Amino acid sequence: MKNIAIIPARSGSKGLKDKNIKLMNGQPLLSYSIAAAKEAGVFDEIMVSTDSQRYADIAIQYGASVPFLRSEENSSDTASSWDMVLEVLDNYRKLGRKFDTVCLLQPTSPLRIGKDIFDAYKDFQENDVDSLTSVCEVDHSPLWTMTLDEDRMLTEYKKHSSNAPRQKLATYYRLNGAIYIRKVEYRKNGIELLDAKEIAFIMDKRRSIDIDDELDFAIGEYLMVNYM
C-alpha cells in the first residue's frame, strides 16, 4: 500500500497570524507534524500543501516535500480541506504518482506523535475500513451542558440534565482534528476519497490539543514542555 501524508499549511491564518509557522518551543508549528509523520514510518511521501514559498522553504528544511504550491482557489478561508487534498492527489497523478491512502495531518495538532499515526494505520488496516478519524474523550459530558434564553433561567436545564455522578455517565467523544485517513480511488472522471465505512481512532486527551488561538497555543506549548 502506498500512503501519502498531507500537512495543510496555508499562510492566511486570521485568528493567529502565521499560526502554522509560529515558533512553539523553538520550532515552527508545522515542523511537529512533519516529524510525527516521519517517525510513524508508514508514508511513501510527506508533503506540505501551502500557498506560500516562505512556508514551503520552512517545510523543506524540516524534511517535507513541496513539489508545487496550492492554488489560489484552495487557499481561501472558505476552501475545503478535502478539495485541497483532491487537488494535491491530482497534481501527483500528473507527475505519475498514485497513492492508495491519504492521511491529512493538520499542523494545529503538534502534540500528536508518530506512534499515534502508526497505531491509527494499524487500526485502519486491521478493521478493513474505508476511512479513519481520530477522536478523544470530551472533558465534560454534554448531559451537563445547556443553552440559555435571554432570562438565563435554569428551569428547563434542570428538567433535562443528569444528576448522576460523572463515573456513571456514558463516555462521549469529540473529533480532535489530529488524524484523518482515507482510501483513494482513481477513476476516469476524477479521484474519490472513500468514507462509507469509517472508524474512530481514540487518542489520549493530552495529545489532542487543536491550536486555534493564543490560549490554545500557550496550553499546547505548556503541555509539550511539561508532559511530552
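Residues numbered from 1 in each chain as written. Predicted model: local features only at pLDDT ≥ 70, side-chain atom pairs only at ≥ 80, totals over all residues. Heavy atoms only, no water.

(A) Molecular detail of the environment of Ala64. With respect to the element layout, Ala64 can be found in the loop between helix H2 (53-61) and helix H3 (81-94). Sequence spacing of Ala64 and Ser75 is 11 residues, and the spatial spacing of their C-alpha atoms is 19 Å. Here Ala64 is in contact with Ile34, Ile46, Val48 and Ala59, once residues within four sequence places are set aside. (Helix = DSSP H or I, 4+ residues; strand = E, 2+ residues; numbered from the N terminus. Contact = heavy atoms within 4.5 Å.)

(B) Molecular detail of the packing of aromatic side chains. Applying the stated rule across the entire model yields six aromatic pairs. Considering the side-chain rings of Tyr92 and Phe99, the 5.5 Å spacing of their centres and the 90 degrees angle between planes classify their relative orientation as edge-to-face. For Tyr92, a relative accessible area of 1% puts it in the buried group. A relative accessible area of 3% means that Phe99 is categorised as buried. For the pair Tyr121 and Phe124, a centre-to-centre distance of 6.1 Å together with 70 degrees between the ring planes defines the contact as edge-to-face. Separated by three residues within a single helix, Tyr121 and Phe124 lie in helix H4 (residues 114-126), roughly one turn from each other. (Phe/Tyr/Trp six-rings, centres within 6.5 Å; stacked < 30°, edge-to-face > 60°. Buried < 20%, exposed > 50% of the residue type's maximum accessible area, 1.4 Å probe, protein only.)

(C) Looking closely at the layout of surface pockets. Quantified by volume, the largest pocket comes out at close to 510 Å³. For the largest pocket, the lining is made up of 26 residues, of which Pro8, Arg10, Lys19, Ser81 and Gln106 are closest to its centre. Considering every element that reaches the lining of the largest pocket, the biggest residue donor is H3, with three residues. In terms of residue class, the lining of the largest pocket is built from 10 nonpolar, nine polar and seven charged. (1 Å grid on protein atoms, 1.4 Å probe; cavity = no way out; pocket = protein on both sides within 12 Å on 5 of 7 lines; lining within 4 Å. Points joined across faces, edges and corners; volume = space filled by probe spheres on them. Nonpolar A, V, L, I, M, F, W, Y, C, P; charged D, E, K, R; others polar.)

Everything listed is a geometric property; what it means functionally is a separate question.
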